[in-house]
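The lines below spell out each chain.
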Amino acid sequence: MTRGQRFLAGAAAAAALAALIVAPLSLGRYGLYVLSLWAVMSIAAIGLNLTLGYAGQVSLAQGAFVGIGAYAAAILTTHGYPLAVAIVAALALSFVIGWLLGYPALRIQHHYLAFVTLAFSTLAFLVFRNEEWLTGGIYGISGVPRPTMFGLSAAKPLAFYYVCLFALGLASLALWGLVRSPWGRAFMALRENPLRAASLGVDTRRYTLMAFAIGSALGGLAGAIYAPLTQFIDPTPFTLTLSLNLLMMVIVGGSGFFFGPFIGAMVAVLLPEWLRFAEGYYLILYAILVMLLLIYSPSGALGILDRYLRGRNARAASALRAATRAGLPDEAVQ
Amino acid sequence: MTRVLEVSGLRKRFGGIAAVDGVSFHVDEGEILGIIGPNGCGKSTTFNCILGQLAPTEGEVKLDGRVVTGMRPSALNRLGVSRTFQLLQVFPQLSVRENLILAGQEHEGTMLSRLFGPPDAGLGPAADRMIGFFKLDHLANTPAGELSYGQQKLLDAAMAFVAGPRLTLLDEPAGGVNPTMLSTLKERLRAINRQQGATFVVIEHNMEFVMSLCSRLLVMAEGKVLAEGAPEAIRANPAVIEAYLGH
């Protein structure tokens, strides 16, 4: 990206943030719920984007981590612990389980890894459904309280929306820092060419495990906020469908692009709402739109923008090379 | 003179076939050793056994007197053994500068210090020096995938030297590179060898390149060492001519 393009991207992000703060003021209860759900799903999707998009490790278990976080938060908060404690516990629990789930990835990749994580997803669902003493089984856990922070109650939908947005903001900042640190570079090296990465001293084992652990921890964080958002959880939202949905968010938004998951979550959470006018046909319409997008741009929504920018920069670079060959000073082509 | 690398009795079997069959050699500090031999004679397999990419069936590899046989590639690299691959292996989506920073970032500090330290891991200046040294200045911020093949080969070699390695193993650095770029590459490799006393092992098919670059040659055939000596002696060795030209 050139400096001008970076400025435009920054301005666009600032405008989007302003809209996210101001727009909900006029929304009703349901609108606020949908927007809060978008924020929660975005957190889970940026986690998966780290594991899959940056580090190249396929996972069909992100939905299970949302479930693990949600149950951890629901159990703790209904036992009187504050949400902050529940969030830390959810993060830690999903980090550790994610780390362990990373071990198979040290031996297998791609489709095979997808199957292992899929099996884990099913296993987690069975635990949610069958371990009644802990999870309430099919009856779930109701009455998950919303927090009161600094004497302010976040029980109202608008207030809790801001809690969701704040969590999304924090998670985004953390991930932004992470992918810009040497870790981000090592994750991308792991994705592009693990053999070469290892020959440059990159400890591919540790980075693979970290990619799983951090990505899963963000899934857990999303779950820990999802529980007080819906105030009732049961096993049904955390089936394989959620994992597949999160995978779609990452792919549709643009895997490996920082802002991809935000767009992807928008497509997955908001688009179906906007298509309600089509009534019974809305799912068909939704599926067609997603397919068309991916046929037009396999690298997702942000892939379109990236292709355009790359094309421009590549043309500028080749003009520069041609000018250098011709012995012209650089200024002549700028 | 200090022995940097010592390989003794190295053997690698794949089923019934011994790809490397009892190879022994050493490399002294500041030396450029060339390994030549017909295709399939076990040169690259030898490299992969030394570098921990393959576990040797038998034999021992010593780095500065320390046994490193079977050590993982990333750990070996952090001990100062770097390499380039036969097929070009740069990271196409990262810029030239990012590729070079990546090549050095895992050599200092801990995982934690890299997470909270500066984004370039303090390697910006070192990367820029390497960019200047390999004459890639105007391409520093270009994604490596947009470079020409020869430029990518230069970058590939530059990446092997960022961390100031003790020993560098180059697998066919000249393959597919045009003559102009090749002379740049040779001249740069010589300069690093001279200025920093860097030690190399080079696998190469380009005879002219290898003869003029290396101080000593090792000829392999059918998994064994066929001959060893100065380039002139090797050129005149009848067994070598036989192995190369066939029957």
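Residues numbered from 1 in each chain as written. Chains lettered and ligands numbered in written order. Predicted model: local features only at pLDDT ≥ 70, side-chain atom pairs only at ≥ 80, totals over all residues.

A. The arrangement of the overall build of chain A in detail. Looking only at helices and strands, one finds 14 helices and 4 strands in chain A. Here the C-alpha coordinates of chain A stretch approximately 75 × 50 × 45 Å along the principal axes. Considering chain A as a whole, with its 334 residues, one finds that 44% of them fall into the buried category. Relative to all contacts within chain A whose residues are 6 or more apart in sequence, the contacts with residues 24 or more apart total 75%. (Helix = DSSP H or I, 4+ residues; strand = E, 2+ residues; numbered from the N terminus. Buried ≥ 20, exposed ≤ 12 C-beta atoms within 10 Å, placed from the backbone. Contact = placed C-beta atoms within 7 Å.)

B. Fine view of the environment of Y103 of chain A. All names here are of chain A. By secondary structure assignment, the location of Y103 is in the loop between helix 4 (83-102) and helix 5 (110-130). What makes Y103 partly exposed here is the crowd of 13 C-beta atoms within 10 Å. Residues Y103 and F212 lie 109 residues apart in sequence; the distance between their C-alpha atoms is 9.2 Å.

C. Spatial organisation of the confidence of the model for chain B. Residue and element names in this part refer to chain B. Here chain B averages 90 in pLDDT, while 99% of its residues score no lower than 70. Confidence scores differ between elements of chain B, with helix 10 (residues 238-245) showing the lowest mean pLDDT of 80 and helix 3 (residues 96-105) the highest of 95. The ipTM for the predicted assembly is 0.89, set against a pTM of 0.90. (pLDDT = per-residue confidence, 0-100.)

D. Inspection of the sheet that holds strand 10 (residues 224-229) of chain B at higher detail. Residues and elements named next belong to chain B. Pairing is mixed in the open sheet, where 6 strands are placed in the order 6-7-8-3-9-10. At either end of the open sheet lies a strand with only one pairing partner, and these are strand 6 (81-84) and strand 10. Ignoring strand direction, the axes of neighbouring strands in this sheet form an average angle of 20 degrees. In this sheet, strand 8 (residues 199-203) lies alongside strand 7 (residues 167-171) in parallel orientation, the contact comprising 5 bridges. Directly across from D171, in strand 8, lies its bridge partner I203. Running at roughly 150 degrees to strand 7, helix 1 (residues 43-50) makes contact with strand 3 (32-36), strand 7, strand 8 and strand 9 (216-221) of the sheet. (Pairing = 2+ DSSP bridges. Axes fitted to C-alpha atoms, helices over the stretch in contact; angles between N-to-C directions.)

E. How the structure looks around the sheet that holds strand 2 (residues 17-28) of chain B. Residue and element names in this part refer to chain B. Taking strand neighbours across the sheet as the criterion, the 4 strands line up as 2-1-4-5 in an open arrangement whose pairing is antiparallel. Across the chains shown, the open sheet's two edge strands, defined by having one partner strand only, are strand 2 and strand 5 (66-67). Here strand 1 (residues 3-14) runs beside strand 2; their pairing, made up of 9 bridges, is antiparallel. Bridging across to strand 2, K12 finds its partner in V20.

F. Fine view of the interface of chain B and chain A. Listed as interface residues are 26 residues of chain B and, on the opposing side, 21 residues of chain A. Looking at the side of chain B that touches chain A, the elements that each hand over two or more residues are helix 2 (73-78), helix 3 and helix 4 (111-116) of chain B. For the side of chain B that touches chain A, the element with the highest residue contribution is helix 3 of chain B, accounting for 5 residues. For the side of chain B that touches chain A, the residue count by class is 12 nonpolar, 8 polar and 6 charged. (Nonpolar A, V, L, I, M, F, W, Y, C, P; charged D, E, K, R; others polar.)

G. Fine view of the pairing of strand 1 of chain B. Residues and elements named next belong to chain B. The hairpin turn running from strand 1 into strand 2, its antiparallel successor, is 2 residues long, and G15 in that turn takes a positive phi close to 60 degrees. Direction of pairing for strand 1 relative to strand 4 (residues 58-63): antiparallel, over a ladder of 5 bridges. When the sheet's bridge partners are listed, L5 is paired in strand 4 with L63.

H. Geometry of helix 2 (residues 29-54) of chain A. Residue and element names in this part refer to chain A. If you check helix 2, its first and last C-alpha atoms are 36 Å apart, about what 26 residues at 1.5 Å a residue would give, namely 38 Å. At L48, helix 2 shows its largest bend, some 30 degrees. A large share of helix 2 lies buried, amounting to 21 of its 26 residues. G56 occupies a position one or two residues after helix 2 and carries a positive phi of about 75 degrees. (Expected span 1.5 Å × (residues − 1). Bend = angle between axes of the 7 residues up to and from the residue.)

I. Region of the structure containing the confidence of the model for chain A. When the pLDDT values of chain A are averaged, the result is 90; 95% of them are 70 or greater. Throughout residues 328-334 of chain A the model reports pLDDT below 50, and contacts reaching past four residues in sequence, or to other chains, amount to 7 contacts.

J. Looking closely at the nonpolar core. One finds V40, M41, A73 and L221 of chain A to be the most contacted residues of the largest nonpolar core, which totals 168 residues. If near-sequence neighbours (up to four positions away) are discounted, A73 of chain A is found in contact with L83, A86, I87, A90, G223, A224, A227 and P228 of chain A. (Core = buried A, V, L, I, M, F, W, Y, C linked by C-beta atoms within 7 Å.)

K. The arrangement of the packing of helix 4 of chain A against helix 10 (residues 204-230) of chain A in detail. Residue and element names in this part refer to chain A. Their axes nearest at 7 Å, the elements helix 4 and helix 10 cross at an angle of 145 degrees. Along this stretch, helix 4 crosses helix 10, giving a crossing that reads as right-handed. The class makeup of the residues in the contact of helix 4 with helix 10 is 17 nonpolar, 9 polar and no charged. (Left-handed = near helix turned anticlockwise from the far one by under 90°.)

L. Structural context of the environment of S74 of chain B. Locating S74 of chain B in the fold gives a position in helix 2. Judged by local crowding, S74 of chain B falls into the buried class, with 20 C-beta atoms found within 10 Å. Along the sequence, S74 of chain B and G15 of chain B sit 59 residues apart, while their C-alpha atoms lie 27 Å from each other. Ignoring any residue separated from it by four or fewer positions in sequence, one finds S74 of chain B in contact with A198, G201, V202, D203 and T204 of chain A.

M. A look at unusual backbone geometry. Residues and elements named next belong to chain B. Positive phi outside glycine occurs at A121, with the angle close to 55 degrees. By the secondary structure assignment, A121 is in the loop between helix 4 and helix 5 (124-133). Accessibility expressed as a C-beta count within 10 Å gives 22 for A121, which makes it buried. Unusually for a residue other than glycine, K135 sits at a positive phi of about 55 degrees. Within the secondary structure, K135 sits in the loop between helix 5 and helix 6 (149-161). You can call K135 partly exposed: it has 13 C-beta atoms within 10 Å.

N. Summary view of helix 3 of chain B. Most of helix 3 of chain B sits out of view: 10 of its 10 residues are buried. Those residues of helix 3 of chain B not exposed but buried are V96, R97, E98, N99, L100, I101, L102, A103, G104 and Q105 of chain B. Residues of helix 3 of chain B that are buried in the fold lie against helix 8 (182-192) of chain A together with helix 4, helix 5 and helix 6 of chain B.

O. A look at the environment of C214 of chain B. Residues and elements named next belong to chain B. Secondary-structure assignment places C214 in the loop between helix 8 (207-213) and strand 9. As for C214 and V202, which are separated by 12 residues in sequence, their C-alpha atoms are 8.1 Å apart. Residue contacts for C214: discarding those within four places in its chain leaves I32, L33, G34, V202 and P231.

P. The arrangement of the packing of helix 2 of chain A against helix 11 (residues 240-253) of chain A in detail. Residues and elements named next belong to chain A. Contact geometry for helix 2 and helix 11: axes closest at 9 Å, N-to-C directions at 70 degrees. Here helix 2 lies roughly perpendicular to helix 11, going by the angle between them. Contact residues: M41, A44, A45, L48, N49, L52 and G53 in helix 2; L246, L247, M249 and V250 in helix 11. For the contact of helix 2 with helix 11, the residue count by class is 9 nonpolar, 2 polar and no charged. (Parallel < 35°, antiparallel > 145°, perpendicular 65-115°, else oblique.)

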